[in-house]
Amino acid sequence: MACALGPDPRGAGGGHERPSWDNRLQYVLSCIGFAVGLGNIWRFPYLCQTYGGGAFLIPYLIALVLEGIPLFHIELAIGQHLRTGSVGVWKAVSPYLGGVGLGCLTVSFLVSLYYNTVLTWVLWYFLNSFQNPLPWGSCPLDLNRTGFEAECQASSPVSYFWYRRTLNITADISDSGSIQWRLLACLAASWAVVYLCVIRGIESTGKAIYFTALFPYLVLTIFLIRGLSLPGAVKGLTYLFTPDVRILQSPRVWLDAATQIFFSLSLAFGGHIAFASYNPHRNNCEKDAVIISLVNSLTSLYASIAMFSVLGFKAANDHGRCLDRNILRLINAFELPDQSVNRDDYAAVLTHLNATQPERVARLCLETCRLEDFLDKSASGTGLAFIIFTEAILHMPGAPGWAVLFFGMLFTLGLSSMFGNMESIITPLLDMGVTHRFIPKEVLTGLACLVCFLSAICFTLQSGNYWLEIFDNYAAPLNLMVFAFFEVVGVAYVYGVQRFSDDVESMTGRRPGLYWQVTWKVVSPLLLLTIFVAYVATLARTPLSYKAWDAQYVRPLGGLARPFPSAALRDPVGRLCRDPRPPELQHQS
């Protein structure tokens, strides 16, 4: 059985006084910045739309109360009490749990590699946004300058800019391709920005966090105000939040809600433990856990409203253009006067022609123009950020300005999350004394950033997006669930709930009530174990695959005149399964 530690081990043994936050706001904003990341923008809205709109909030809130907040409280309280990073914390709880701290450090390192690569792509788009017109607004000319690039015409300008101009992606993961030097330069710039912000730990990130944590809320508010003034915004929000309670019968909804809470709060990374270790002993960690968790969830909801108000406008715009194409075909085929049919009259005119001349109408191969179909064309992850929403921006007046705001917001969101990731790495290293006490923290931080940069160069290869997707799907999720399970079990059954409650009472002046003790001892461990088993079962039933962009597979989508390249789903041995949808419209099963 372990004993509780009081002062910081590094401070006691190494002659260094542990730094502290300038004020409580810096700490709260840092935790919010670490928790509120890209997933709040591009994953939660997709899950909410996919799983029954407002009905998804039911399992989401249940998971927040029974899993998210109790685990978050554990990390903040134990970091604040023991005043050390993740490795030192779990060694103090029990020597047998030291591997949990090392695992948290390792996962934070792996996640930092590909998370900052996403910021590299965001930076590339941000720099390209200072052009009018935007470079993803139209197809480039071919080599002969007599027409447009065939691959772009077969897909769309936004897809072409993402897959060819940005990633220059290969058709298969086995073809590594070459390093894309423009992405390498952006990767170096991204890591340089991270280093300058974390150079002195919380002393420097505490200053930067005021901007990186608050600027995204300003941009989301601007997008929300502008989005609500656009035609189709209300339809987008109605479609997003219309509840379908029948979908709650699916176990996958509950699994995704629980995992979304888990990853959205950045649990088991060690970053929150590191941040809390710089708090004064008497800080109210219970209050912080509740406030930060609620702010994170409300931010997801707020971002969903802002995003889908704009996506509703895009869907209405695409729906209108679909009707215009059909109207033009009707006018040409039946020799109707120009301007004789408008969008409002289209349905009535088509019904009349179908009743009187059905064979002629059938030969026109008219497109099916349903607003719901266009609202359904959503995606999560890079598909939402770099394709769906990027295309929506094209339709907005002053598109370059909106693109600058959007990608600037994504960069600051990711940057504040990187602060937590780097603290998850650097704080345990400092606490373990891996460097001589005369070596400045700036040198260790620089070495950590340099190692991360060199390790992430593989993601700038032409096949880098494939490897990043594999890292994202398999490197962190299962490991984090295991670490979180051992965290809550270690506190509840190794350290002991009663002793832990004594520690919390000494810090907050109030003993944890029945809710906290029941969730720590029973509900949260069982829920984490259930999530782990369900997640493993889902992986076992799902063939290992990745989405590939292969320009040679071109197939028209539905009745569209313009064909879309299909995506190739390849397993590790290269077997090809064709999916007729474009990659940005595919969803992970």
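Looking at an unreviewed UniProt entry, one finds the protein chain named Transporter, with Puma concolor as its source organism. The Sequence similarities (unreviewed entry) comment attached to the protein chain in UniProt states, word for word, "Belongs to the sodium:neurotransmitter symporter (SNF) (TC 2.A.22) family."

(A) How the structure looks around the overall build of the protein chain. Secondary structure summary: the protein chain contains 24 helices and 3 strands in total. For 589 residues, the compact-globule estimate of 2.2 N^0.38 gives 25 Å, and the C-alpha radius of gyration of the protein chain, at 26 Å, lies within 12% of that figure. Relative to its full complement of 589 residues, the protein chain shows a buried share of 55%. Averaging the locations of the 41 positively and 40 negatively charged side chains of the protein chain gives two centres separated by 2 Å.

(B) Representation of the state of the cysteines. According to the stated counting rule, one finds 2 disulfides in the structure shown. What pairs with Cys139 in a disulfide is Cys152, and their sulfur atoms sit 2.0 Å apart. Judged by the sign of its S-S torsion, about -85 degrees, the cystine formed by Cys139 and Cys152 is left-handed. Of this pair, Cys139 sits in the loop between helix H7 (98–128) and helix H8 (150–154) while Cys152 sits in helix H8, and the two are 13 residues apart along the sequence.

(C) Main features of a nonpolar patch on the surface. Among the surface-exposed residues, Ile58, Ile62, Val65, Leu66, Trp254 and Tyr515 lie close enough to one another that they form a single nonpolar patch of about 470 Å² accessible area. Element by element, the count of residues in the nonpolar patch is highest for helix H5 (residues 57–82), at 4 residues. Judged by relative accessible area, which is 32%, Tyr515 ranks as partly exposed.

(D) Spotlight on the nonpolar core. In terms of nonpolar packing, the biggest core is built from 158 residues, with Trp191 and Met422 touching the most fellow members. Excluding residues that lie within four positions of it along the chain, Met422 makes contacts with Ser112, Trp191, Val194, Val198, Ala448 and Cys449.

(E) Just the environment of Thr382, in detail. Here Thr382 lies in helix H19 (residues 382–394). Residue Thr382 is classed as partly exposed on the basis of its relative accessible area of 23%. C-alpha separation for the pair Thr382 and Tyr302, spaced 80 residues apart in sequence, amounts to 20 Å. Not counting residues up to four positions away in its chain, the partners in contact with Thr382 are Trp42, Trp121, Trp162 and Ile387.

(F) Local environment of the confidence of the model for the protein chain. Confidence along the protein chain averages 86 in pLDDT terms, with 90% of residues attaining 70 or more. By mean pLDDT, strand E3 (residues 576–579) is the weakest element of the protein chain at 34, and helix H10 (residues 181–198) is the strongest at 97. Every residue in residues 1–15 scores below 50 in pLDDT, and together they form 36 contacts with partners more than four places removed in sequence or on other chains. This model gives residues 554–589 a pLDDT under 50, and the stretch forms 100 contacts once residues within four places in sequence are excluded.

(G) Looking closely at the side chain of Arg83. Its place among the elements puts Arg83 in the loop between H5 and helix H6 (86–93). A distance of 3.3 Å separates the side chain of Arg83 from the backbone oxygen of Ser277, its partner in a polar contact. At 2.5 Å, the side chain of Arg83 forms a polar contact with the backbone oxygen of Asn279.

(H) Inspection of the UniProt feature "binding site: Na(+)" (unreviewed entry) in the protein chain at higher detail. Sites flagged by UniProt as "binding site: Na(+)" (unreviewed entry) map to Gly33, Ala35, Val36, Asn40, Ser264, Asn296, Leu413 and Ser417. Over a stretch of 385 residues, the named residues converge on one spot in the fold, their C-alpha atoms separated by at most 12.6 Å. Relative to the assigned elements, Asn296 resides in helix H15 (residues 285–334). Overall, the relative accessible area of 1% leaves Asn296 in the buried class.

(I) The pattern of salt bridges, seen in detail. Tallied over the full model, the rule gives 18 salt bridges. In this structure, Asp256 engages Arg252 in a salt bridge whose closest nitrogen and oxygen atoms are separated by 3.2 Å. Of this pair, Asp256 and Arg252 both sit in helix H13 (residues 251–264), 4 residues apart, which is roughly one turn of the helix. When its relative accessible area of 29% is taken as the criterion, Arg252 is described as partly exposed. Overlapping salt bridges bring together Arg200, Glu203 and Glu442 as one network.

(J) Local environment of unusual backbone geometry. Each neighbour pair has its own omega, and for Asn132 with Pro133 the value is 5 degrees, a cis peptide bond. Relative to the assigned elements, Pro133 resides in the loop between H7 and H8. Its identity as a non-glycine residue notwithstanding, Ser266 has a phi of 60 degrees, on the positive side. Here Ser266 is to be found in the loop between H13 and helix H14 (271–276). Judged by its relative accessible area of 6%, Ser266 falls in the buried class.

(K) Structural view of the packing of aromatic side chains. Inspection of every chain in the model, using the stated rule, returns 36 aromatic pairs. We note Arg182 situated over the ring of Trp124; from NZ or CZ to the ring centre the distance is 5.7 Å. In this arrangement the basic side chain of Arg499 is found over the ring face of Tyr495, its NZ or CZ atom lying 4.5 Å from the centre.

(L) Focus on the environment of Gly68. Secondary-structure assignment places Gly68 in helix H5. For Gly68, a relative accessible area of 0% puts it in the buried group. Along the sequence, Gly68 and Leu265 sit 197 residues apart, while their C-alpha atoms lie 7.2 Å from each other. What Gly68 contacts, discounting residues up to four positions off in sequence, is Ala63, Ile261, Leu265 and Leu267.

(M) H6, seen in detail. Judged by how many residues are buried, H6 sits mostly within the fold: 6 of 8 residues are covered. Residues Ser86, Val87, Val89, Trp90, Ala92 and Val93 constitute the buried set of H6. Buried residues along H6 sit in contact with H5, H7, H14, helix H20 (399–432) and helix H23 (477–508).

The rules behind each value
Residues numbered from 1 in each chain as written. Predicted model: local features only at pLDDT ≥ 70, side-chain atom pairs only at ≥ 80, totals over all residues. Heavy atoms only, no water. UniProt positions renumbered as here; feature names shortened; annotations may be inferred. Helix = DSSP H or I, 4+ residues; strand = E, 2+ residues; numbered from the N terminus. Rg over C-alpha atoms; globule rule 2.2 N^0.38 Å. Buried < 20%, exposed > 50% of the residue type's maximum accessible area, 1.4 Å probe, protein only. Lys, Arg positive; Asp, Glu negative; His and termini not counted. Charge placed at Lys NZ, Arg CZ, Asp CG, Glu CD. Disulfide = S-S within 2.5 Å. Patch = residues over 30% accessible without salt bridge, like charges linked within 9 Å, V, L, I, M, F, W, Y side chains within 5 Å. Areas by Shrake-Rupley, 256 points an atom, 1.4 Å probe, with all protein chains shown as cover. Salt bridge = Lys/Arg side-chain N within 4 Å of Asp/Glu carboxyl O. Core = buried A, V, L, I, M, F, W, Y, C linked by side-chain atoms within 4.5 Å. Contact = heavy atoms within 4.5 Å. pLDDT = per-residue confidence, 0-100. Polar contact = N/O pair within 3.5 Å; in protein donor to acceptor, adjacent residues only side chain to side chain. Phe/Tyr/Trp six-rings, centres within 6.5 Å; stacked < 30°, edge-to-face > 60°. Lys NZ or Arg CZ within 6 Å of the ring centre and 35° of its normal.

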